Amino acid sequence: MNGPRIEDIGPDDPRFADWHAAVARSYAHERQPGWWESLESARISFARPGTQKRRVALVATRDGVVVGGAVLGLPLDVDVDVETVSVELGVLPDARRSGVGGALLSAVRELAASEGRDVVQAEVFVPVDRSPEEWPGARFAESHGLRCVNVEHRFLLDVPLPEPRLRELAAAAEQGSSRDNTVVSWVGGCPEQHLEQWARMQTQMNQDVPTGELTVTARQVDAERVRDSDRRMAEQGWTKVRSMALDADGAGRGYTELLVSEHDPDVVVQDDAWVDETHRGRRLGMRLKIANLRRLQGHDDGALLGPRRRVQTYCEQDNTAMRRINAEVGFRAVDTLRGYEGPVGG
Ligand SMILES: CC(C)(COP(=O)(O)OP(=O)(O)OC[C@H]1O[C@@H](n2cnc3c(N)ncnc32)[C@H](O)[C@@H]1OP(=O)(O)O)[C@@H](O)C(=O)NCCC(=O)NCCS
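Residues numbered from 1 in each chain as written. Predicted model: local features only at pLDDT ≥ 70, side-chain atom pairs only at ≥ 80, totals over all residues. Heavy atoms only, no water.

Visitor: What exactly am I supposed to notice about the packing of aromatic side chains here?
Guide: Geometrically, a pair of aromatic rings is defined through the distance of the ring centres and the angle of the planes. Scanning all chains against the criterion turns up ten aromatic pairs. Residues F16 and W19 carry aromatic rings whose centres are separated by 4.9 Å and whose planes lie at 40° to one another, so their mutual orientation is tilted. Placement of both F16 and W19 in helix α1 (residues 16-28) is noted, with a separation of three residues, approximately one turn of the helix. Taken as a pair, F16 and W19 share a single burial class, namely buried. Look at F16 and F46: their rings are 5.6 Å apart centre to centre, the planes differ by 75°, and that puts the pair in the edge-to-face class. Highlighted residues: F16 in helix α1 and F46 in helix α2 (residues 39-47), separated in sequence by 30 residues. Since its relative accessible area comes to 0%, F16 is described here as buried. You can call F46 buried: its relative accessible area is 12%. Within the aromatic cluster, the residues linked to one another by ring pairs are Y27, W36, F125 and Y314. Positioned above the aromatic ring of W198, the side-chain terminus of R242 is 4.8 Å from the ring centre. (Phe/Tyr/Trp six-rings, centres within 6.5 Å; stacked < 30°, edge-to-face > 60°. Helix = DSSP H or I, 4+ residues; strand = E, 2+ residues; numbered from the N terminus. Buried < 20%, exposed > 50% of the residue type's maximum accessible area, 1.4 Å probe, protein only. Lys NZ or Arg CZ within 6 Å of the ring centre and 35° of its normal.)

In structure tokens:
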């Protein structure tokens, strides 16, 4: 059998849609439904790269037919201790165990080395009822010398939550001193008056979020970065639903956001959720999450949620507080997300 051909392609390449479908289908195989970047968002993200990350698409073909692909994410931040590259790499089920994955990974390593990267990072999703010992992605990563350095779980929540249940959860969350804070919610870009606080809280969240032994440089966020992310995500068809808690002095004490893609009729993404260390243990996290879900479900008479019936989120295995809140809201674990990493040179 001929070896696969691996090529770097751009968003205008006629194979871009097949490349996108191949990677998405590889990751979805034998798993519960989940979010995946839409073709439309991927096209825009590749066509108009931002200042924070460069992405490279590699397509694998055999006899001219797309059988798999990879996406490299090259962070462009300065002042990082270790230069990393993130990788998503998938091979269609019918084309597996014939060296396509290995060929893609070799091309990834070569490209990453030429970009001066030190560490390669990849995520493998293992369904909760399967073990990593029998799961192709985990076997593949380990057979290529990558080590599991972080374990999270992926959760799904069925929505809409019935109004009586939301009321019950909101009432439980409001008992306690979290009432000292005002919770404000909105849909869309961050209003000017909240930009500074939002950026400060995101910077803190980046420092606080547990990441196991994963090589990460906690990113500093400023108002410009919040604006830039809002603009880029809106271009790609995202609507953000946000809630933040303000104390009596107007300082941000917690925030959370949900992301709705106009190109995804199934899944809403629960992104960051953070509460200031000095305010933890007072049910503020729950209060924020419920306020945000209410906003999502109620906005535009339910038109924003539309046909979507699931919210997806992630949580690190030792993040007890967040896991407790998620369980109470009704999230159920569907996958173990294993973060792998190793030296680019293998
Ligand atoms: C992981 C994946 C990319 C492997 O693709 P592939 O084309 O089958 O990989 P290769 O044929 O190059 O396999 C290379 C080695 O990985 C290991 N491996 C891959 N699949 C395996 C499986 N099902 N069981 C045991 N070992 C496996 C083996 O050591 C294999 O070498 P061998 O066939 O000589 O024994 C593919 O299963 C996939 O798309 N999975 C979903 C996405 C994913 O999890 N990606 C992992 C990112 S690190």
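Visitor: In this structure, what is going on with the domain arrangement of the protein? I would like to understand it.
Guide: A common way to state how big an interface is: give the accessible area lost once the parts meet. Each assigned domain of the protein is listed with its residue range as follows: domain 1 (5-144) and domain 2 (160-308). Between the C-alpha centres of domain 1 and domain 2 there is a distance of 29 Å. Listed per partner, the contact involves 22 residues of domain 1 and 14 residues of domain 2. Here domain 1 packs against domain 2, burying approximately 1500 Å² in sum over the two surfaces, 49% of which is carbon and sulfur. For the interface between domain 1 and domain 2, the tally reads one salt bridge. (Domains from an automatic or database assignment. Contact = heavy atoms within 4.5 Å. Buried area = accessible area lost by both parts, 1.4 Å probe. Salt bridge = Lys/Arg side-chain N within 4 Å of Asp/Glu carboxyl O.)

Visitor: When you look at helix α5 (residues 163-174) in this model, what are you seeing that I'm missing?
Guide: Helical geometry: 3.6 residues make up each α-helical turn, so side chains three or four residues apart lie on a common side. With twelve residues, α5 should reach 16 Å at 1.5 Å per residue; the first-to-last C-alpha distance of 16 Å fits that figure. The inward-facing, buried residues of α5 abut α8 (284-298) and α9 (320-329). (Expected span 1.5 Å × (residues − 1).)

Visitor: Whenever I open this one, α9 confuses me. Can you help?
Guide: Of the positions making up α9, those classed as buried are M322, I325, N326 and V329. Within α9, the buried residues cover an arc of 95° as seen down the axis, which keeps them to one side. Relative to its buried face, α9 has exposed residues pointing more than 90 degrees away, namely T320, R324 and A327. Positioned one or two residues after α9, G330 has a phi angle of 120°, which is positive. (Arc of directions from axis to C-beta.)

Visitor: Quick question: what am I supposed to make of the pattern of salt bridges here?
Guide: Pairs can form between side chains of opposite charge whenever their charged atoms are close. A complete count under the given rule lists 28 salt bridges for this structure. Linking E163 and R294 is a salt bridge whose minimum nitrogen-to-oxygen distance equals 2.7 Å. Here the residue E163 occupies a position in helix α5, and R294 occupies one in helix α8, the gap between them amounting to 131 residues. R242 is the salt-bridge partner of E257, the closest N and O atoms lying 3.0 Å from each other. With E257 in strand β9 (residues 252-261) and R242 in strand β8 (residues 238-246), the pair connects residues that are 15 residues apart, well separated along the chain. R242 matches E257 in its accessibility class, with the two residues each being buried.

Visitor: I'm lost on the pairing of strand β10 (residues 267-275) in this one. Help?
Guide: Along a regular strand, successive side chains alternate from one face of the sheet to the other. Within β10, seven of the nine residues are buried, which leaves it mostly tucked inside the rest of the structure. Pairing analysis gives five bridges linking β9 to β10, with the strands arranged antiparallel. Each bridged residue has a counterpart across the sheet, and for Y255 the counterpart in β10 is W274. In sequence, β9 turns back onto β10 through a hairpin of five residues. The pairing of β10 with strand β11 (residues 310-316) spans three bridges and is parallel. (Pairing = 2+ DSSP bridges.)

Visitor: What should I look at first to understand the packing of α5 against α8 in this one?
Guide: The contact between α5 and α8 brings their axes to 9 Å, and the two run at 155°. Between α5 and α8, the interaxial angle falls into the category roughly antiparallel. In this structure, α5 meets α8 at a crossing whose hand is left-handed. Packed against α5, whose contacting residues are E163, L166, R167, L169, A170, A173 and E174, the element α8 presents M286, R287, I290, L293, R294 and Q297 at the interface. Split by residue class, the contact of α5 with α8 holds seven nonpolar, one polar and five charged. (Axes fitted to C-alpha atoms, helices over the stretch in contact; angles between N-to-C directions. Parallel < 35°, antiparallel > 145°, perpendicular 65-115°, else oblique. Left-handed = near helix turned anticlockwise from the far one by under 90°. Nonpolar A, V, L, I, M, F, W, Y, C, P; charged D, E, K, R; others polar.)

Visitor: When you look at the side chain of N326 in this model, what are you seeing that I'm missing?
Guide: Within the secondary structure, N326 is located in helix α9. Accessibility expressed as a relative area gives 0% for N326, which makes it buried. Residues in contact with N326, not counting those within four places in the same chain, are K289, T313, C315 and F331.

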